[in-house]
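Here's the letter readout for the chains.
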Amino acid sequence: MKKLSSILILGGLLAIMIVGVLELPAIGNPDNPSQNEVAQYYINNAIDDTMSPNTVTAVLKYYRGVDTFLEAGVLFTSIVAVISVLRGNKPKNETNEG
Amino acid sequence: MELLTMILDRINYVGAATLFVIGLYTVLTHPNLLKKVIGLNIMETSVFLFMVSVGYVSGGKAPILGTVKEPIVGAYVNPLPTAMILTGIVVAVSITAYALSLIIKIYEAYGTIELDEIMEARSEQANG
Amino acid sequence: MDDLIVKTIIRIVTPFIYLYGVYIILNASVSPGGSFAGGAIMGSALVLYTIAFGLEKAEKKVPNRIFKWQREVLLCFLFMGFVTIFMGYDVLKLREAGAYALEMGQVVKVDLLNLVNIGIAMKVAVTLISLFHVFIKEDY
């Protein structure tokens, strides 16, 4: 009963999402609104600005370098969080041995 | 027939929506906490698929310009969603690691990772 | 896992996985891949080594002081940002400040940007391997 009701509700959600998705423009058309002047700027000026042929690297390391910098901070924070959860309240006898 | 071509033109979006609903179903119905984390990862993957499909250009190459002096704009896929999704993947890995560490702590405290058994144990604790 | 075949194969294969990771990292600005992918490959090589040979031998391969190198990655980025600011440009406008990646058609050259690539790759690899080691230390 619980499973059936959740299937019904999620099927309704899926129908709503597909109806919404069908309003989007078709995939792969070069005139889509997602291919706007930002992408054109990156593709036209990446070599002149950064001397890096790989545009994704250019976007990551030059144009949005602060984003990548803080992403390294996210990784560091995740390690600190995991270690503080797992190693935090270790039993006393184990810490004495090690 | 017209509806079919509409769906086939947007098949990646439809797939992303279906993956999202599958992940949400896994999160909602399975009582096992590990399976809930797996469902969360499926939902994240659906969002990545959606955003990469937004940047796709049909017939476009990967945005590695090589020695091209004057690149044609329509011939390459959009590099911006790819770079954004790289950030998203890193955040997803961090969230998964933190959730797994919390599950280890829950197993240590209750001896199980089934959510309904944990709820029973908690209610027994609260009632006496 | 005490299996002779698995140990022998992994002992043979691991240097090549490392080499592939280093190749991807050093060619990050001219070819597909990039520093994140290269760091993930190197980290997964270490994970493979840990699965085959156990935690104690793997911790000798990855001593804990590597963990401290994470700080230097952030310092690399900050150093580059401050270099460009002190030379009178905007943050990370490296070309105007004179720090190039690769010239067109040039082979790998170590400069500030490859330093950042290596730093990010090291960060990803260290994160992967330390998360894996922290998780499997929790045995029950």
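Note that the coordinates shown come from a computational prediction; the quantities given were computed from them, not determined experimentally.

Quick notes on the overall build of chain A
- What chain A contains, in helices and strands, is five helices and zero strands.
- Shown N-terminal to C-terminal, the secondary structure of chain A runs as helices and strands in the order α-α-α-α-α.
- When the 98 residues of chain A are sorted by exposure, 30% land in the buried category.

Overview of the overall build of chain B
- What chain B contains, in helices and strands, is five helices and zero strands.
- Radius of gyration (C-alpha) of chain B: 21 Å, far over the 14 Å computed for a compact globule of 128 residues.
- With respect to the principal axes defined by its C-alpha atoms, chain B has extents near 75 × 40 × 15 Å.
- For chain B, with 128 residues in total, the buried portion stands at 23%.

Regarding the interface of chain A and chain B
- With 40 residues of chain A at the contact, the number on the chain B side is 43 residues.
- Within the residue set of the side of chain A that touches chain B, elements represented by two or more residues are α1 (2-21), α2 (37-50), α3 (55-63) and α4 (65-86) of chain A.
- If you tally residues by element for the side of chain A that touches chain B, the top one is α4 of chain A, at nine residues.
- Here the residues of the side of chain A that touches chain B are counted per class, giving 27 nonpolar, nine polar and four charged.

A closer look at the interface of chain C and chain B
- At the junction of the two partners, chain C supplies eight residues and chain B supplies seven residues.
- Class assignment of the residues belonging to the side of chain C that touches chain B gives a composition of five nonpolar, two polar and one charged.

Some words on helix α2 (residues 11-29) of chain B
- Between the first and last C-alpha of α2 of chain B there are 27 Å, a value that for 19 residues agrees with the 27 Å anticipated at 1.5 Å per step.
- Of the residues making up α2 of chain B, those classed as buried are Tyr13, Ala16, Ala17, Phe20, Val21, Gly23, Leu24 and Tyr25 of chain B.
- Where α2 of chain B is buried, its residues meet α1 of chain A together with α3 (33-54) of chain B.

Remarks on the nonpolar core
- Within the largest apolar cluster, 29 residues are counted, with the highest numbers of intra-cluster contacts made by Ile25, Met42, Leu46, Ile120, Ala121, Val124 and Ala125 of chain C.
- Secondary-structure elements contributing two or more residues to this core are α4 of chain A, α4 (79-110) of chain B together with α1 (4-26), α2 (35-53) and α6 (112-136) of chain C.
- When residues of this core are assigned to their parent elements, the largest contribution, eleven residues, is made by α6 of chain C.
- Counting residues in each nonpolar core, the second largest holds 17 residues, with Ala58 and Leu60 of chain A together with Val57 and Leu65 of chain B among its members.

Some thoughts on α3 of chain A
- Among the nine residues in α3 of chain A, nine count as buried, and that is most of the element.
- Looking at α3 of chain A, one finds that the buried residues are Thr55, Val56, Thr57, Ala58, Val59, Leu60, Lys61, Tyr62 and Tyr63 of chain A.

Topic: the packing of α1 of chain C against α2 of chain C
Residue and element names in this part refer to chain C.
- At their nearest, the axes of α1 and α2 sit 8 Å apart, and the two run at 165° to each other. Judged on the interaxial angle alone, α2 and α1 are roughly antiparallel. In this structure, the crossing between α1 and α2 has a hand that is left-handed. Residues Val6, Lys7, Ile10, Thr14, Ile17, Tyr18, Tyr20, Gly21, Ile24 and Ile25 of α1 lie in contact with α2, whose contacting residues are Ser35, Ala37, Gly38, Ile41, Met42, Ala45, Leu48, Tyr49, Ala52 and Phe53.
- Among the residues making up the contact of α1 with α2, the classes are represented as 15 nonpolar, four polar and one charged.

Thoughts on the confidence of the model for chain B
- Of the residues in chain B, 94% have a pLDDT of 70 or more, and the chain-wide mean is 88.
- Reported confidence for the predicted complex is 0.80 by ipTM and 0.83 by pTM.

Calculation notes
- Residues numbered from 1 in each chain as written.
- Chains lettered and ligands numbered in written order.
- Predicted model: local features only at pLDDT ≥ 70, side-chain atom pairs only at ≥ 80, totals over all residues.
- Helix = DSSP H or I, 4+ residues; strand = E, 2+ residues; numbered from the N terminus.
- Buried ≥ 20, exposed ≤ 12 C-beta atoms within 10 Å, placed from the backbone.
- Rg over C-alpha atoms; globule rule 2.2 N^0.38 Å.
- Contact = placed C-beta atoms within 7 Å.
- Nonpolar A, V, L, I, M, F, W, Y, C, P; charged D, E, K, R; others polar.
- Expected span 1.5 Å × (residues − 1).
- Core = buried A, V, L, I, M, F, W, Y, C linked by C-beta atoms within 7 Å.
- Axes fitted to C-alpha atoms, helices over the stretch in contact; angles between N-to-C directions.
- Parallel < 35°, antiparallel > 145°, perpendicular 65-115°, else oblique.
- Left-handed = near helix turned anticlockwise from the far one by under 90°.
- pLDDT = per-residue confidence, 0-100.

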